[in-house]
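Fold and contact review
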Amino acid sequence: MENRRSFLIKAGIGVVTLPYLSCCSSFNRSITHLVSISFDDGFEKSFLKTAEIYEKYELNACFNVIASGHENDFKPPDGYIQPLIIGNFDLWNELKRRGHEIMPHGYIHENLARIELSDAQELIIKSLDVFSDKLINFEPLQAIFNFPFNSSSEELEDWLKDKVLAFRTAGSAVNKLPHKRQKKLTCISAGPDNIDLYFEEQLQKFLSEPKGWFIFNAHGLDGEGWGPMSSGYLDELLDRLQGMDHVGIMPVGKALLSL
Ligand SMILES: [Zn+2]
C-alpha cells in the first residue's frame, strides 16, 4: 500500500490531478440540518474508500487520527485498532490536500478522563505538537480535538477550550447549529457491529426535529474497525442527503471555521 501510495504521489495522481473540493466549503445559513459524520482512528483502507465516496459527491470527509498510530511502538488500545491497518501522515497529508479534514484523536488513543489531569494534558499537548510538525497547515487554534472514547472531564474541557477551536466528546448527537464560540461539540457512536440501521434511525429522528447539527462518530467501512458502516450505505446516504435543500454535509472544523 505504501509503495502504491508513493507511486501515486510521485506520479501526481491524487495530488495534482484531482480537483480541490470547494463545494459546500462554507456553512450556508439556509441549511436547517447540518450532518457531520466524524470517522475516527485512521484505517487506511476505509479512509481511502470513504474519501472516494465523499469525492463522488464533491463533499469533504471528516477524519480523526491518532498522533502516534503510525509509530512502530504504538500499542493499540483494543483489537480494532491494529498498527498494520492504520495509515500515516503521508496519507493524512494526501487526504488533506484532496480537501478532507484531518483532526487529532489523542496521542496514543488514551482514555483521558481516567488518568491524572496533568498526564492527560501532557498527552493532548503532545498530540497537537505532532500534528503541528507533520500535518500541512495544521494550527491548534483551528483544530477540533476529538477525545478518544469520547471520554473527557470538566477540568480537561475547561483547560482545553482555549488551546483548540473546539473539542468533541460524548453527549447528544444533536448540537446547536454552528455559531461563534461553540467550544463543546457532542456526538454519539455505536458498535461493535455494523451501524447502518442504528445510524439511519438516529438520523431520521434528527431530521424530524426543527433544526440542528447532527454529529455522529463513525469509524471504518465494511467490517473494519469498531462499529463499521457499509460503503454502499454511505454512498446511498450522501446521495440522498445531498438531494435535500435544507440539509448540509460538512466536516466539523470546516463548519465552525466558515462562520
Ligand atoms: Zn477512537
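Throughout what follows, the structure given in this document is the object of discussion. All of these numbers come straight from a predicted model, not from anything done at the bench. (Residues numbered from 1 in each chain as written. Predicted model: local features only at pLDDT ≥ 70, side-chain atom pairs only at ≥ 80, totals over all residues.)

**Quick notes on the overall build of the protein**
Applied cut-off: The numbering of helices and of strands both runs from the N terminus, where a helix is a DSSP run of H or I of at least 4 residues and a strand a run of E of at least 2. Here the C-beta atoms are placed from the backbone, and a residue counts as buried if at least 20 other C-beta atoms lie within 10 Å of its own, exposed if 12 or fewer do, and partly exposed otherwise. Each residue gets a C-beta atom placed from its backbone, and two residues are in contact if those atoms lie within 7 Å.
Within the protein one finds 8 helices and 9 strands. Across the 259 residues that make up the protein, the buried fraction comes to 40%. Sequence separation of 24 or more characterises 72% of the internal contacts of the protein that already satisfy a separation of 6 or more.

**Examining the pairing of strand E8 (residues 212-218)**
Every other side chain in a regular strand lies on the same face of the sheet, so the side chains alternate between the two faces. Under the convention used in this document: Here, strands pair whenever DSSP counts at least two bridges between them.
Judged by how many residues are buried, E8 sits mostly within the fold: 6 of 7 residues are covered. Examined bridge by bridge, strand E1 (residues 33-40) and E8 share 7 bridges and lie parallel to one another. Counterpart to Ser38 in the pairing with E8 is Asn217. As paired strands, strand E6 (residues 174-175) and E8 are joined by 2 bridges and run antiparallel to one another. By the bridge assignment for E8, Val174 is matched with Phe214. With 2 bridges connecting them, strand E7 (residues 184-189) and E8 associate as parallel partners.

**Concerning the packing of helix H2 (residues 44-56) against helix H7 (residues 231-242)**
Convention followed: Angles here are taken between N-to-C directions and fall from 0 to 180 degrees, while the axes themselves are lines fitted to C-alpha atoms, restricted in helices to the stretch in contact. We call two directions roughly parallel when the angle between them is under 35 degrees, roughly antiparallel when it is over 145, roughly perpendicular when it lies between 65 and 115, and oblique otherwise. By definition, any crossing whose near helix is turned counterclockwise from its far helix by less than a right angle is left-handed, and any crossing with a clockwise turn is right-handed.
Where H2 meets H7, the axes come as close as 10 Å, and the angle between the chain directions of the two elements is 25 degrees. If you check the angle between H2 and H7, you find them roughly parallel. Our pair here, H2 against H7, has a crossing hand that is right-handed. Contacts from Lys49, Thr50, Ile53 and Tyr54 of H2 reach H7 at Ser231, Leu234, Asp235 and Leu238.

**Remarks on helix H4 (residues 117-134)**
Note the cut-off: Any helix carries an expected span of 1.5 Å times its number of residues minus one. The arc in question is the one traced by the directions running from the helix axis out to the C-beta atoms.
With 18 residues, H4 should reach 26 Å at 1.5 Å per residue; the first-to-last C-alpha distance of 26 Å fits that figure. Along H4, the residues classified as buried are Ala120, Leu123, Ile124, Ser127, Leu128 and Phe131. Viewed along the axis of H4, the buried residues span an arc of 135 degrees, placing them on a single side of the element. With respect to the buried face of H4, the exposed residues turned more than 90 degrees away are Ser118, Asp119 and Asp133. Those residues of H4 hidden inside the fold are in contact with strand E3 (101-104), strand E4 (144-146) and helix H5 (154-160).

**Quick look at unusual backbone geometry**
Of the consecutive residues Gly191 and Pro192, the connecting peptide bond is found in the cis state with omega at 5 degrees. Counting through the fold element by element, Pro192 comes out in the loop between E7 and helix H6 (196-207). Positive phi outside glycine occurs at Glu58, with the angle close to 55 degrees. Structurally, Glu58 can be placed in the loop between H2 and strand E2 (62-65). In this structure, His109 is a non-glycine residue whose phi angle is positive, near 60 degrees. Tracing the sequence through the fold places His109 in the loop between E3 and H4.

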